[in-house]
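Each chain, letter by letter, is given below.
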Amino acid sequence: MKEVIEKSADNIRILSAAMVEKAKSGHPGGAMGGADFVSILYSEFLNYDPRDGNWINRDRFFLDPGHMSPMLYSILTFAGYYSLHDIENFRQWESNTPGHPELNPSKGVENTSGPLGQGHAMAVGAAIAERFLAARFGEWMSHKIYTFISDGGVQEEISQGAGRIAGYLGLSNLIMFYDSNDIQLSTETSAVTHEDTAKKYSAWGWNVMTINGNDQQEIRNAIKAACNEKGRPTLIIGKTIMGKGAVTEDGRSFERQSETHGMPLSAAGASFEKTITNLGGDPEDPFVIFPEVKEFWNKVNAAKIQKANEKKDIQSQWESENPELADKLKSFFEDKVPSIDFKSIEQKQNIATRGASGIVLSFFAKHLENMIVASADLSNSDKTDGFLKNTKQFKKGDFSGAFLQAGVSELTMAAIANGIALHGGVIPVCATFFVFSDYMKPAIRLAALMGLPVKYVWTHDAFRVGEDGPTHQPVEQEAQIRLLEKLRNHSGKRSMLVLRPADAMETSVAWKMALENTHTPTALLLSRQNIPDIPAESDRFDEALQAEKGGYIVYKDEGDADIVLVGNGSEVSTLIAGAKLLKEKKNINTQVVSVISEGLFKEQNKTYQNMIIPAGKPVLGLTAGLPVTLQGLTGDKGMVIGLESFGFSAPAKVLDEKLGYTAENVYKKALSFLGMK
């Protein structure tokens, strides 16, 4: 007779197969194979509070293969987070159980997953955040980060970066189960790779074990050993059976078949009814938790609550003994924005906005205690070294600093930043050249979808990278990233805030805006080259604060404007110089507008928008990117000077002249646009 924990795993297999069968869509095979691991993990090891999914000191479970969501929803139903009604409505409109898991800690879902490889990289970020916080508040708050990966996640290139970084940092709080079933969506794994995964992870400094991933005692022993590991992350390679328990109409095994990876059992060639019967269920009523399984999980959840209460009592004792630290910890997890006097940050005159950002980051390193900054081997160029010079980088066994040298791995770095944000309590910043945001977009998209307050520092924001040539010169990137300003997340918010400041003081304001944006990602697009400061009528910082409305007037001739000049970043000072030529040579009145964020500007009331860019006035835009970047501001009757080709290798000043980014060209184009000579 099977033990109840084995029946629990079979119950997961039944529910997983039934969810997919009813929805006529999904992936049952992997979920059926992984059921033994999650049964042991959740019942015997994972610390959680079924009443409090957001408990800060819980263990985290990050699912990488989101297509295995039926497995996750099943175990979370046992844990009390979902009802049978929820899982019966798998993949349906407004269901609590979407096709791939979507972030909902109150329901036990720690991360949105689907694009393979990112889930376990997020787990690396959460493990870093856990070590960072424990180094500051004590080991009483230590907890484990578990993650589950499949063949696809191991094959995705991001696994290289995640494996290397986790091994280098010795993240012994990270335990990863590799569901190695030798089956892929379209073929067997042997048709794709013959790498020795164990040796690969061992070479990165991981503790590696290979077990029978469907043998519950071997799973139990492996997790125990992993929990006792003190210096390395652990990889448990579990050799599992895809579609475990699946049979055909005549009772023959239908296990280890690629077809069960991505379609209902009945469509794959198995018999759904005979499979459910084989696993001990009723095919006429498969959405049932076996009575003995229900009784078992009621006891498990009661024990989880008791253990959580014990840990919460330890926290309460610590809080009473350390009231100041307790208040700090609470503020970290409540996303409270610290009071920072940004005006007091002294900026140098006429500097590159990357340099201005570095000055702000230097200030943060001294005054902001819960920020982690990462750079993809560019800290001295993207100027995050302003932060690094006032802290130190993470190293194995030492998380007292706050800087992650991510190495050349932009996508991994971005996914790790997502994991840091998901863990909570820490503000993640990651930096590289803007052109390399191309490598990061899958993780940026997930950050936008999940509403994570990651801060992206993207420097070398235009063709003025110069001699490095078109491979390093962003052209289309700003238009691409600003599309996320036009997209709403599921909370109805603009899914990203994209800021391209026009000078040093606007950069300080941009960082203020980024820090205060606790609901979505923020991007700062920063120049490599020095930029003339915007002339101020009174105090430049106070005037730059108007950027908090997305756009504002930076220069205006007396009288009604004959033409409005619109831009952001480096181009604003060029527009001002062009405006002065128009006034001097042709007595044309201009109004120059800096629009640091079109998305934010378009959220202001119409009265304000029309004051900044008056309706009916000729509007000329200047952008170092594609013309479409500003066409939403200039309108159908406006005109945009922009690039419509890749850049070229030459000194930046030469490129400005050759490509028309000069005051003289603004003057000429404005006259032509106005029909004048």
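Structure: see above.
Residue numbering note: each chain is counted from 1, following its sequence as written. Only residues with pLDDT of at least 70 get local features here, since the model is predicted, and only at 80 or more are side-chain atom pairs given and counted; chain-wide, interface and lining totals rely on the full set of residues. Side-chain numbers here rest on the full set of heavy atoms in the structure, without hydrogens or water.

Caption draft 1: Representation of the sheet that holds strand 14 (residues 590-595) within the structure. The five strands lie next to each other as 12-14-13-15-16, forming an open sheet whose pairing is mixed. Of all strands in the sheet, those with a lone pairing partner are strand 12 (551-556) and strand 16 (639-641), marking the two edges. Neighbour-to-neighbour, the strand axes of the sheet open up by a mean angle of 25 degrees, direction not taken into account. When DSSP finds two or more bridges between a pair of strands, those strands are recorded as paired. Every helix listed is a DSSP run of H or I at least four residues long, and every strand listed is a run of E at least two residues long, numbered separately from the N terminus. Both strand 13 (residues 563-567) and strand 14 contribute to a ladder of five bridges, which runs parallel. The residue bridging Val564 from the neighbouring strand is Gln591, located in strand 14. Residue contacts are counted whenever heavy atoms from the two residues lie within 4.5 Å of one another. Whenever a helix is involved, its axis is fitted only over the stretch in contact; in every case the axis is a line through C-alpha atoms, and angles between N-to-C directions fall within 0 to 180 degrees. Across the face of the sheet, helix 21 (residues 571-586) comes into contact with strand 12, strand 13, strand 14 and strand 15 (619-622) while running at roughly 180 degrees to strand 14.

Caption draft 2: Region of interest: a negative patch on the surface. A contiguous patch of negative charge on the surface is contributed by Glu273, Asp282, Glu284 and Asp285. Its location among the elements puts Glu273 in helix 11 (residues 272-278). In this analysis, a patch consists of residues with relative accessible area above 30% that form no salt bridge, clustered at 9 Å for like charges and at 5 Å for the nonpolar side chains Val, Leu, Ile, Met, Phe, Trp and Tyr. For accessible areas, the Shrake-Rupley method is used with a probe of radius 1.4 Å. Any residue's cover is judged against the shown protein chains and nothing else. In the sections that follow, a salt bridge refers to a side-chain nitrogen of Lys or Arg positioned within 4 Å of a carboxyl oxygen of Asp or Glu. Neither His nor the chain ends is counted toward charge; the positive residues are Lys and Arg and the negative residues Asp and Glu. Note on charges: their place is set at NZ of Lys, CZ of Arg, CG of Asp or CD of Glu.

Caption draft 3: The sheet that holds strand 2 (residues 145-150), seen in detail. As summarised here, the arrangement of the five strands in space is 1-2-3-5-4, forming an open sheet in which the pairing is parallel. The strands lining the two open edges of the sheet, one partner per strand, are strand 1 (60-63) and strand 4 (207-212). Mean inter-strand twist for the sheet, computed between neighbouring axes without regard to direction, equals 20 degrees. Two elements, strand 2 and strand 3 (residues 174-180), share six bridges in a ladder whose sense is parallel. By the bridge assignment, Tyr146 is partnered in strand 3 with Ile175.

Caption draft 4: Geometry of the environment of Met450. Tracing the backbone shows Met450 in helix 17 (residues 437-450). For Met450 and Ser495, which are 45 residues apart along the polypeptide, the C-alpha to C-alpha distance reads 8.9 Å. Those residues in contact with Met450 that lie beyond four places of it in its chain are Leu103, Asn111, Thr112, Met122, Asn418 and Leu422.

Caption draft 5: Molecular detail of helix 19 (residues 504-516). Taking 1.5 Å as the rise per residue, helix 19 with 13 residues should run 18 Å; its terminal C-alpha atoms sit 19 Å apart, in good agreement. Burial analysis of helix 19 places 11 of its 13 residues in the buried class, which makes it a mostly covered element. Given a helix with a known number of residues, its expected span is that number minus one, times 1.5 Å. Only protein chains enter the area calculation, which uses a 1.4 Å probe; residues under 20% of their type maximum are buried, those over 50% are exposed, and those in between are partly exposed.

Caption draft 6: How the structure looks around the pairing of strand 5 (residues 234-239). Among the six residues that make up strand 5, five are buried, leaving the element largely enclosed by the rest of the structure. By the bridge criterion, six bridges tie strand 3 to strand 5 in an arrangement that is parallel. Residue Phe177 lies in a different strand from strand 5, and its bridge partner there is Ile236. Across six bridges, strand 4 lies against strand 5 in parallel orientation. From the neighbouring strand, Asn207 faces strand 5, where its bridge partner is Thr234. Place the viewer so that the strands point away; then a crossover is right-handed whenever the path from the first strand over the helix to the second strand goes clockwise. In this fold, the crossover linking strand 4 to strand 5 by way of helix 9 (residues 216-228) has right-handed handedness.

Caption draft 7: Main features of the packing of helix 1 (residues 4-23) against helix 2 (residues 28-45). One can describe the packing of helix 1 onto helix 2 by two numbers: an axis separation of 8 Å at closest approach and a directional angle of 145 degrees. Of the two possible hands of crossing, helix 1 and helix 2 adopt the one that is right-handed. Contact with helix 1, carried on its side by Ile5, Ser8, Ala9, Ile12, Arg13, Ser16, Ala17 and Val20, involves Pro28, Ala31, Met32, Ala35, Asp36, Val38, Ser39, Ile40 and Ser43 of helix 2 and no other residues of that element. Residues are grouped as follows: Ala, Val, Leu, Ile, Met, Phe, Trp, Tyr, Cys and Pro are nonpolar; Asp, Glu, Lys and Arg are charged; all remaining types, including Gly, are polar. Within the contact of helix 1 with helix 2, the residues separate by chemical class into 11 nonpolar, four polar and two charged. Throughout, a crossing is termed right-handed when the near helix is turned clockwise from the far one, and left-handed when it is turned anticlockwise from it by less than a right angle.

Just distances and angles here, no functional claims.
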